[in-house]
Amino acid sequence: MENEQTPTGAKEAIVAIIDDTANAIGGAWSVASGPAVQGCNRDNGGRGAAYFYTKMREQRSGDPAEDVANVERLWKEKGIKTERYKSGGADPTLGLRGVGGPMKSIDFLADERGYSLDAVSSCTAGDAEELQRNGE
């Protein structure tokens, strides 16, 4: 298999994109979860390892619509295919999800009460349980 990502590469990729996105938006972000490894199913039917990572920011400092547009530009530059979404209601919460690049999925939620960034890496060759035993 050509150019297959390693578990370490997957972890580095999701940390980089989440951190780059948080920095582009600005504000005080904190790690809510991860980066942590989990088991996943590979396209060839075998088991593999993927990483997930979540950061949150409790208060917004900018315009959610503008922040979504800025994140969309950043992700597209990194080869991530994006799709905007919003909740229902009179004052909808805006969001952006993406797939591609080193991500199985990535999500930015621009809620008035706070922002969140979540990512799951692509499923790589590797033993998630072994990686967990080794401190991942």
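Scroll up to find the structure.
A short tour of the structure in this document, coming up. Residue numbering note: each chain is counted from 1, following its sequence as written. For this predicted model, a pLDDT threshold of at least 70 governs which residues receive local features, and a threshold of 80 or more governs which side-chain atom pairs are given and counted, while totals over whole chains, interfaces and linings are taken from all residues. The side-chain numbers reported here are obtained from all heavy atoms of the structure, hydrogens and water having been left aside.

## A word on the packing of aromatic side chains
Remark: the centre distance and the inter-plane angle together describe each pair of aromatic rings, the angle taken between the planes.
At step 1: Aromatic pairing here means that ring centres of Phe, Tyr or Trp (its six-membered ring) are within 6.5 Å. Orientation follows from the plane angle: under 30 degrees is stacked, over 60 is edge-to-face, and everything else is tilted. All told, the structure shown has 2 aromatic pairs when counted by the stated rule.
At step 2: Judged by centre distance (6.5 Å) and plane angle (50°), the ring pair of Trp29 and Tyr115 falls under tilted. Residue Trp29 is found in the loop between helix H1 (7-25) and strand E1 (30-41), and its partner Tyr115 is found in strand E6 (residues 114-121); the two are separated by 86 residues along the sequence.
At step 3: Trp29 gets classed as buried once you look at its relative accessible area, which sits at 16%.
At step 4: Pairing Phe108 with Tyr115 gives two aromatic rings, centres 5.2 Å apart and planes at 90°, and the pair type is edge-to-face. Exposure class is identical for Phe108 and Tyr115. Each is buried.
At step 5: Three or more aromatic residues joined by ring pairs make a cluster, and in this case those are Trp29, Phe108 and Tyr115. Helix numbering and strand numbering both begin at the N terminus, where a helix is a DSSP run of H or I of at least 4 residues and a strand a DSSP run of E of at least 2. Between buried and exposed lies partly exposed: a residue is buried under 20% and exposed over 50% of the maximum accessible area for its type, with that area taken using a 1.4 Å probe on protein chains only.

## Topic: the environment of Gly9
At step 1: Secondary-structure assignment places Gly9 in helix H1.
At step 2: You can call Gly9 partly exposed: its relative accessible area is 21%.

## Quick look at the pattern of salt bridges
At step 1: Salt bridge criterion: a side-chain nitrogen from Lys or Arg within 4 Å of a carboxyl oxygen from Asp or Glu. Scanning the entire structure with this criterion turns up 7 salt bridges.
At step 2: Lys11 is paired through a salt bridge with Glu136; the nearest N and O atoms lie 3.0 Å apart. Linking Lys11 in helix H1 with Glu136 in the segment after helix H3 (128-133), this pair joins segments that are 125 residues apart in sequence.
At step 3: Taking the relative accessible area as the measure of exposure, Lys11 reaches 26% and is therefore partly exposed.
At step 4: A salt bridge links Lys78 to Asp20; its shortest N-O distance comes to 3.3 Å. Remark: Asp20 occurs in helix H1 and Lys78 occurs in the loop between helix H2 (64-77) and strand E3 (81-86); sequence separation between them is 58 residues.
At step 5: The exposure class assigned to Lys78 is partly exposed, which follows from its relative accessible area of 38%.

## Description of the sheet that holds strand E4 (residues 94-100)
At step 1: Strands qualify as paired when DSSP identifies two bridges or more between them. The antiparallel open sheet is built from 6 strands, whose spatial order is E1-E2-E6-E5-E4-E3. The two strands at the open ends of the sheet, each matched to only one other strand, are E1 and E3. Each strand axis lies, on average, 15° off the axis of its neighbour in the sheet, ignoring direction.
At step 2: The contact rule is simple, with two residues in contact once any of their heavy atoms fall within 4.5 Å. Note on definitions: angles span 0 to 180 degrees between N-to-C directions of axes, and those axes are lines fitted to C-alpha atoms, for helices only across the stretch in contact. H1 rests against E1, strand E2 (47-57), strand E5 (103-111) and E6 of the sheet, and its axis sits at about 15° to E2.
At step 3: The strands touched by H2 are E3, E4, E5 and E6; relative to E4, the strand with the most contacts, the crossing angle is about 10°.

## Description of the nonpolar core
At step 1: Buried residues of nine kinds, namely Ala, Val, Leu, Ile, Met, Phe, Trp, Tyr and Cys, make up a nonpolar core once their side-chain atoms join them within 4.5 Å. Core analysis: the biggest nonpolar cluster contains 27 residues, and Trp75, Met103, Ile106 and Phe108 have the highest contact counts within it.
At step 2: Taken together, the elements giving at least two residues each to this core come down to H1, E2, H2, E5, E6 and H3.
At step 3: Residues within four places of Met103 in sequence aside, it is in contact with Ala13, Ile14, Ile17, Ile80, Ala119, Val120, Ser121 and Ser122.

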